[in-house]
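Coordinate analysis (summary)
Chain by chain, the residues run as shown.
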Amino acid sequence: MRNAWGRTDGTGRASTRGLKLVVVAALALAASLAIAACGGGGGIEESGGGNTSVQTVTVSGKPSGDLTISNWPLYIDKQTVPDFEKATGVQVKYIEDVNDNQEFFSKIQPLLAKGESGGRSIVVVTDWMAQKMYQLGYLQNLDKSAIPNVEKNEVPTLQHRPIDPKDQYAVPWQSGMTGLIVRTDLAPDIKSVCDLFNPKYKGKVDMLTEMRDTVPLVMKCQGVDLNKATEQDWLNAIDKLKQAADSGQIRRFTGNDYARDLTSGDVDAVIGWSGDAIQLQQDNPDIQFVMPKEGCMLWSDNMVIPVGAPNPTAAEAWMNYVYDPKNQAQITDYNYYFSPVSGVKQILQKQDPPAAKSDLIFPTKEFTAKCDAAPELTGEEEQKVTAAFNAVVNG
Amino acid sequence: MATVRRRLTPYLLLFPGAFWLILFFVVPMYYMARLSLDSGTLETGFKFTWQWSNYNDALTLYKDPFIRAFEYAGAATIIALFIGYPLAYAIAFRGGKWKNAMLFAVVAPFFTTYLIRTIAWETILSDQSPVVDVLKSIGLAPGGHILATAAAVIAGITYNFLPFMVLPIYASLERIDPRLIEAGKDLYASSRAAFVRITLPLSAPGVIAGTLLTFIPAAGDYVNAFFLGGTNNKMIGNVIQGLYLTNRDYPAAAALSFVLMAAIMLMVFVYIRFAGSESLMGEEATAR
């Protein structure tokens, strides 16, 4: 008999060829299943499910060795890391790989579930994410004896926050406001979140992919009291966003990359972060932070130590170092967010008087009177609201 | 002995390819299929439970971007055909000594990465650009902007996949014996009749290959919609990317991937049936 690959010219031959092909295909499939079976269940399915017993980090001796820190982009000046290395002898690998809480969490969750941190000793995430990670057992408690500066210098409003009542695991990196960043030359009349839905600005508005920034601000526009926000309030606001997205009112959902749209003038206004506004304003004075009539959102990004983090001694040394007002002033003077450390204003009054006077960096009580922290979402509520919001952002 | 070796040779020749296919196509496919039937979330872990509702849920939620993907890919394919055919024709029959240079020009943009090419379009089409100013002044930019509209996405896809349309058509036109056309004209065919009855049918395999090579990747594309589209221009590729990489809703993403694959296969099947497999297989099949 001729082999399977010989040219066939008769009909009888063709059918044996067909049969052989089927056999080969079946063998291939069987082989693949066998290989798959050897894999035993697959990596993804096994992941997930956190344990809830929390360990405390062990700090011992003088800091040394390597330290890997994951933070958001444009959050630190060029000098602080080298200064710290000189002062302590620790080698720092500072990586800017956090662009979005949800995205970052998705990336490291499979590692955390296995008790690893991917070599990271410190990661910086926003309040709600820090709390979520803590509840899942992905974070460690801090050894407070190694971070005296934090105890001494942390501003009182950031102590004993609802996400961390005993100040056990989260040390604020910077805080800030989410409000409006407006091209005042193109759209001088935008003063409120509701204005972003004005058809006049159709296709000229960006909003944040960060759900806990965008949706509560829209709820404020709808007149919802955030302290009493229900699941339905969240869903109503998401509905409004969906309509605006479908009609083309909202141009894009973005992270930090709204900066490009603002600079090029492709958008008139965005929902954005206060520190970014000041940084952008230095290149173009027409880009300004506008406190929405409805008020703003307040948040902090926190340094936390994940499970399996190598070298916690160096990690706490870093936390302690940046909570020295002198060192902190250098960071604040670069990123222009609220500093979590007392005494920075006094230092900046000498070094950078305009910054020390800015309401956006050292806000008065009146300035942020109408501002709120993002309302909490629990379990099933969170899942439902997140799914609805993702459908708007993705679809 | 010799016959055994001869019998085994084809299998041995097939082995590297088959191994590759099984390892990197069949195995992942199997995992994807399983994954698409999982239930659970990232935090609680995924469990295999024959969750067929994943398919229904994902499709209901993401029906619009799904349909949009095929609309955009279809529009881009048709535009690319209308640009690509005359271009390929000109190169094949009128290119003369410039033929190679012109073919090089078609491929040249590919020396730059896909991403950079698309971001360049973002700059060209940005609201303040001179190009958009001109379009606005002749009333071709209804919303006052091009970027973040369907037009921008379709234009981007057309541009990025144009060479996939031009090259196969060129290859089939190039092979046409010009004497056939001369003979047709000798028999009093007008230029138009000669084109419709000789050139076009003989270039059909190229046209079909070109449309498939454009349409299939375009339907799953997400780069163009990401950079050039707005909130209401997302394609199914963007949804799958978001579900996989940001939300880590693996089951929904896997389910959507399978539906996308099935839909593309169905369309290609119908198209080939309709267009005729002879034209796809070329003269060899027709000659039988």
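For the structure, see preceding data.
This report concerns the structure included in the present document. Here the structure is a predicted model, which is why all the values come from computation and not from measurement.

Rules used throughout
- Residues numbered from 1 in each chain as written.
- Chains lettered and ligands numbered in written order.
- Predicted model: local features only at pLDDT ≥ 70, side-chain atom pairs only at ≥ 80, totals over all residues.
- Heavy atoms only, no water.
- Core = buried A, V, L, I, M, F, W, Y, C linked by side-chain atoms within 4.5 Å.
- Buried < 20%, exposed > 50% of the residue type's maximum accessible area, 1.4 Å probe, protein only.
- Helix = DSSP H or I, 4+ residues; strand = E, 2+ residues; numbered from the N terminus.
- Contact = heavy atoms within 4.5 Å.
- Phe/Tyr/Trp six-rings, centres within 6.5 Å; stacked < 30°, edge-to-face > 60°.
- 1 Å grid on protein atoms, 1.4 Å probe; cavity = no way out; pocket = protein on both sides within 12 Å on 5 of 7 lines; lining within 4 Å.
- Points joined across faces, edges and corners; volume = space filled by probe spheres on them.
- Disulfide = S-S within 2.5 Å.
- Nonpolar A, V, L, I, M, F, W, Y, C, P; charged D, E, K, R; others polar.
- Polar contact = N/O pair within 3.5 Å; in protein donor to acceptor, adjacent residues only side chain to side chain.

Moving on to the nonpolar core. Nonpolar side chains in soluble globular proteins tend to be buried together. Membership of the largest hydrophobic core comes to 162 residues, with the highest contact counts inside it found for A:Met133, A:Trp173, A:Met303 and A:Trp318. Here this core takes 10 residues from helix α12 (residues 250–275) of chain B, the largest share from any one element. In this view, A:Trp318 contacts A:Leu67, A:Ile69, A:Ile76, A:Thr80, A:Val81, A:Phe84, A:Ile122, A:Trp173 and A:Met303; residues no more than four positions away in its chain are not counted. Core analysis: the next-biggest nonpolar cluster, separate from the first, contains 18 residues, B:Leu173, B:Ile176, B:Ala194 and B:Ile198 among them.

In this section: the packing of aromatic side chains. As enumerated under the stated definition, the model contains 30 aromatic pairs over all chains in all. Consider the rings of A:Phe253 and A:Phe389, whose centres lie 6.4 Å apart with planes at 75°: the pair is edge-to-face. Placement of A:Phe253 in strand β6 (residues 250–254) and of A:Phe389 in helix α15 (residues 379–394) is noted, with a sequence separation of 136 residues between them. Across this residue pair, the class does not change: A:Phe253 and A:Phe389 are buried. Their ring planes at 55° and their centres at 5.0 Å tell us that B:Phe48 and B:Trp50 sit as a pair that is tilted. An aromatic cluster is present here, built from A:Tyr75, A:Phe84, A:Trp173, A:Trp299, A:Trp318, A:Tyr321 and A:Tyr337 joined pairwise through their rings.

Below, the discussion takes up the layout of surface pockets. Summary: where empty space remains is shown by rolling a probe the size of a single water molecule over the atoms. In this model, the second largest pocket occupies a volume close to 940 Å³. Contributing to the lining of the second largest pocket are 36 residues, with A:Asp100, A:Glu103, A:Thr209, B:Phe226 and B:Thr246 lying nearest its centre. Secondary structure elements with two or more residues in the lining of the second largest pocket: α4 (101–113), α7 (211–221), β6 and α15 of chain A together with α10 (223–228) and α11 (236–246) of chain B.

Residue and element names in this part refer to chain A. Evaluation of the coordinates by the stated rule reveals 2 disulfides over all chains. In this model cysteine 296 forms its disulfide with cysteine 371; the gap between the sulfur atoms is 2.1 Å. Taking the torsion about the sulfur-sulfur bond, which here is approximately 120°, the covalent link between cysteine 296 and cysteine 371 counts as right-handed. In this pair, cysteine 296 sits in the loop between β8 (287–290) and β9 (297–304) while cysteine 371 sits in the loop between α14 (353–357) and β10 (372–373), placing the two residues 75 residues apart along the sequence. Of the two residues examined, cysteine 296 and cysteine 371, each falls in the buried class.

Before going further, it helps to examine empty space enclosed by the protein. Scanning all chains against the criterion turns up 1 cavity of 30 Å³ or more. Here the largest cavity is characterised by a volume of approximately 40 Å³. Counting residues per element, the ones that place at least two in the lining of the largest cavity are β6 of chain A together with α10 of chain B. Taken together, the residues of the lining of the largest cavity break down into 4 nonpolar, 1 polar and 4 charged.

A few words now on the side chain of A:Gln249. All names here are of chain A. Tracing the backbone through its elements, the reader meets glutamine 249 in the loop between α8 (231–246) and β6. Looking at glutamine 249, the relative accessible area reads 6%, which means it is buried. At 2.9 Å, the side chain of glutamine 249 and the backbone oxygen of leucine 196 are in polar contact. Setting aside anything within four residues of it in sequence, one finds glutamine 249 in contact with Leu196, Phe197, Asn198, Pro199, Tyr201, Lys202, Gly203, Lys204, Val205 and Ala244.

Treat this as a map of the structure, not an account of what it does.
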